[in-house]
Structures are given as C-alpha cells and as structure tokens.
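In case you want the letters, here they are:
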Amino acid sequence: MPDSIQRAIDVLKAGGLVGMPTETVYGLAADASNVSAINKIFSSKGRPSGHPLIVHIAQPDIGLSNDQQAMSNAWREILSQWSRDVSPEALILAQAFWPGPLTMILPKAKNVLLEVTGGQETVGIRCPKHPVAQNLLKEFGGGLAAPSANRFGRISPTTAEHVREEFPGDEVLVLDGGPCDVGIESTIVDLTRLDTHGAVILRPGAITQAMIDGVVGKTEFTKQNTSASAPRVSGSLSAHYAPKTKLVLYDAKDAESVLAQVNNSDLENVAWVHFAKDLSAKDLGLKNVAKEVLLPLESNAVGRELYALLRHLDALNVNCIFFEQLPDGVEWDAIRDRLGRASVGSGM
Ligand code: TXA
Ligand code: MG
C-alpha cells in the first residue's frame, strides 16, 4: 500500500478528515460509522447539520466480472450493509454505472448513523471510479461519508490545491489524485419512491436521465422532482457553488446591450467568457476586460474545467464575470444547473 494511503487510513481510523480525490470533485471524507468524525465534517465545512452526506463504498472484491449474476449478487451483498431494501433497480444501476458518477438514494439500514443521513430514513450511496478513492476505500474497509470538500455554498474543488485553499490548516490530510476527470458532482437518483414516482433525478450530472431510463426502463415515471415532501438536497438550493464575484449570464443575442451597459458603467475591470468566436471583446469594442476566455463547444471539456475556471476568475478580483449562456442540449444540462446556481449565489 502506498505511504500516502496508509497515512490517510491512520487519520480516518483516528476520526480525522481526508481530502479524497474522486472522478467528479474532491470529497471531505470521514469514517461513516464514527459520530464525532461526522460532526467534524459539518463543523469544518460550516454545513447545517440537517444536510445528508453521501456514503462512498468500494467496488466488489471480485473485481468487475462479466458474470452478470455474480456481479448482481456482489452488489446486493455490499448494498445490504447500507440499505434495508435493495431493489432490483438499484442492482441494475450499480451494474450499469458503478464505479462511476452516480449516487443512489435508498432506504437506510438500521446501522447507518442518522448524523450521516441528516435524520432521514434514506441514505445516499456512491461507488466512485477514481483509483485513489477505490484504493483508499478498499484498504479502509468501511464506508466513507464525504461531501464535496468546499466550505458550505462555495465552489466544489477539482484539484488537491483547491482543497488546501478551502482548508488551509492541518485539520485535513489531502490525497493528491490530480485534476478530476468529470469535474461536476455526481448525478443523484432517488430510488425510494419507485412505485409511485419511478427513478427520480434529484441532481443532474454526467449520468443523464436518458441513460438511467435506458437501463431501468421507467421513462413514463421519471420526472424532475418538485414535490414538497422530497428529501433535502443541499446542492439543490438555488444559491450554491458560488463565486464571491458577481456572475452574470448573458445571451449571445443580447451581447450588444451588455456591451453598452459595461462601457457606460463604472465597472473598472470585468471577465468576459464566451463560446461564440464572434463575441470577442476586441471585435465588440468592449472596454476594461481584464480577462477573456473562449470556451470550447464540448460539454465534457467545459464540465471538467468549469469550477477551476470560476475559482481562477474569482481570484482575479474583477468587478463582474460575464458568462455566455451555455448551448442548448441535454449534454449541457448538469453544467447549466451548476452555472445557474453559481450565478444566483454570486457576489455575496
Ligand atoms: O460527486 C459527488 O457526489 C461528490 C463526491 C465527493 O462524491 N459529493 C458531493 O457531496 O457532491 P455533497 O454533500 O456536496 O452533495 C451531496 C448531495 C447533497 O445535496 C445532499 O443533500 C444530497 O446529496 N444527499 C445525500 N444524502 C441524501 C439523502 N439521503 N436524501 C436526499 N439527498 C441526499
Ligand atoms: Mg457540495
């Protein structure tokens, strides 16, 4: 076992916190069976205690075999440690998308701490794909509760350096697993109301509704969750993932009026982000642009870079970030969701 993993295990066993790389974003991990370790997550993040945490688990010991029945049995055995009612749908989704960027909400097993679930009878479970996370989970031998490793309401970290920025003291041991490949948080699918609602997506992510419907086959039931009795998801607060700098989303067709506003305002320096090549600040005659960014029309690349870009722009201390609306299309939905929330919560 690498020294860094051994040190992380020692910290976790002693009830401490570890910055854990995953393929989505870095997590702030603690032993899911240790109440005081869980409490440390909430106090370090400044997160309200009613907000549930995702439990991360290792993939089955048998590796990923082609024997579908053996895999299904292996997932059932693992999930039964966390959920009192493992539905066939949960097993199908585990086989299709784990390890990977999908979190399932399931009825919790008795032993799962209410501190982890925010007092609810359901638990969020995810098997991450990142090799460092898998190695850590396997060697640790239990579940790791981990929210994104950022202060409450702020931008999720996608590099080890970001985690160190969020938690500068020595209270968190950070494992460096390089930049995250997906870059935005996992899809959360609620499987606790299958009979009445089907598989309900609570937070969009890299695993899309169509991908889930494709394997579970309940398209007619799957719909965006709007009911008042829905489980709490802090990532669904309208202001979340936010930079400190004001972030304004603009439509390409309104670029001229934004231009007039900026040039006639007392904004001394702005950041200008766009997809359309003909929206270059120079061609538009936009003044006071401290930083211009041309993004590729490729959703995976933008998802991977988005949070690092927002952090970078935030650190420039510009007066305002102008960000062109994302292109249409479902492949942009998860990023659109995060950027919209970042805009609502920005400038505070
Ligand atoms: O990609 C991810 O999911 C990352 C990495 C580290 O795994 N984790 C993450 O955790 O984004 P966090 O805590 O920042 O966001 C998890 C969301 C929260 O909004 C929480 O409310 C929701 O999942 N959640 C967790 N357990 C839940 C439950 N039992 N019912 C409903 N929502 C739940
Ligand atoms: Mg978060």
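Residues numbered from 1 in each chain as written. Chains lettered and ligands numbered in written order. Predicted model: local features only at pLDDT ≥ 70, side-chain atom pairs only at ≥ 80, totals over all residues. Heavy atoms only, no water.

Colleague: How should the pattern of salt bridges be read in this particular structure?
Modeller: Once the charged atoms of two side chains with opposite charge are near each other, the side chains can pair. Tallied over the full model, the rule gives 12 salt bridges. Its salt-bridge partner being Glu166, residue Arg311 comes within 3.0 Å of it at the nearest N-O pair. Residue Arg311 is located in helix H12 (residues 299-315), and its partner Glu166 is located in helix H7 (residues 160-166); the two are separated by 145 residues in the primary sequence. The burial state of Arg311 is the same as that of Glu166; both residues are buried. In this structure, Asp337 and Arg338 form a salt bridge, with 2.9 Å as the shortest nitrogen-oxygen distance. Of the two residues, Asp337 and Arg338, neither departs from the other in class, the shared state being buried. Through salt bridges with shared partners, one network takes in Glu185, Asp337, Arg338 and Arg341. (Salt bridge = Lys/Arg side-chain N within 4 Å of Asp/Glu carboxyl O. Helix = DSSP H or I, 4+ residues; strand = E, 2+ residues; numbered from the N terminus. Buried < 20%, exposed > 50% of the residue type's maximum accessible area, 1.4 Å probe, protein only.)

Colleague: What is the right way to look at the layout of surface pockets in this model?
Modeller: Unfilled space is identified by rolling a water-sized probe across the atoms. Of the pockets and cavities examined, the largest pocket occupies roughly 490 Å³. Looking at the largest pocket, it is lined by 22 residues, and the ones nearest its centre are Gly205, Ala206, Thr208, Glu331 and Ala334. At the level of secondary structure, the elements contributing two or more residues to the lining of the largest pocket comprise helix H9 (209-216), H12 and helix H13 (333-345). A per-element tally of the lining of the largest pocket places H12 first, with four residues. The residues that make up the lining of the largest pocket include at least three from each of domain 1 (3-223) and domain 2 (246-345). Of the pockets and cavities examined, the second largest pocket occupies roughly 350 Å³. Of all the secondary structure elements, the ones that give two or more residues to the lining of the second largest pocket are helix H3 (68-80) and helix H6 (131-140). Ranked by residue count, the leading element in the lining of the second largest pocket is H3, at three residues. Its residues assigned to classes, the lining of the second largest pocket shows eight nonpolar, five polar and three charged. (1 Å grid on protein atoms, 1.4 Å probe; cavity = no way out; pocket = protein on both sides within 12 Å on 5 of 7 lines; lining within 4 Å. Points joined across faces, edges and corners; volume = space filled by probe spheres on them. Domains from an automatic or database assignment. Nonpolar A, V, L, I, M, F, W, Y, C, P; charged D, E, K, R; others polar.)

Colleague: Explanation requested: the nonpolar core in the structure shown.
Modeller: Nonpolar side chains tend to gather and get buried jointly when the protein is soluble and globular. Counting 50 residues, the largest nonpolar core has Ile57, Trp98, Met104 and Ile212 as its most contacted members. It is helix H4 (residues 88-97) that provides the largest number of residues to this core, a total of five residues. Ignoring sequence-local partners within four residues, the contact set of Ile57 consists of Trp75, Ile78, Leu79, Trp82, Trp98, Ile125, Arg126, Cys127, Pro128, Gln134 and Leu137. Listed in part, the 26 residues of the second largest apolar core include Val25, Val273, Val293 and Leu339. (Core = buried A, V, L, I, M, F, W, Y, C linked by side-chain atoms within 4.5 Å. Contact = heavy atoms within 4.5 Å.)

Colleague: It is not clear to me how the packing of aromatic side chains should be interpreted in this structure. Could you clarify?
Modeller: For any two aromatic rings, the description comes down to two numbers: the centre-to-centre distance and the angle of the planes. Tallied over the entire structure, the rule returns four aromatic pairs. Measuring from ring centre to ring centre gives 5.7 Å for Phe275 and Trp332, while their planes differ by 85 degrees; the resulting arrangement is edge-to-face. One end of the pair, Phe275, is in the loop between strand E11 (270-274) and helix H11 (281-284); the other, Trp332, is in the loop between strand E13 (320-324) and H13, with 57 residues separating them in the sequence. Looking at Phe275, the relative accessible area reads 6%, which means it is buried. (Phe/Tyr/Trp six-rings, centres within 6.5 Å; stacked < 30°, edge-to-face > 60°.)

Nothing here speaks to function; it is all geometry.
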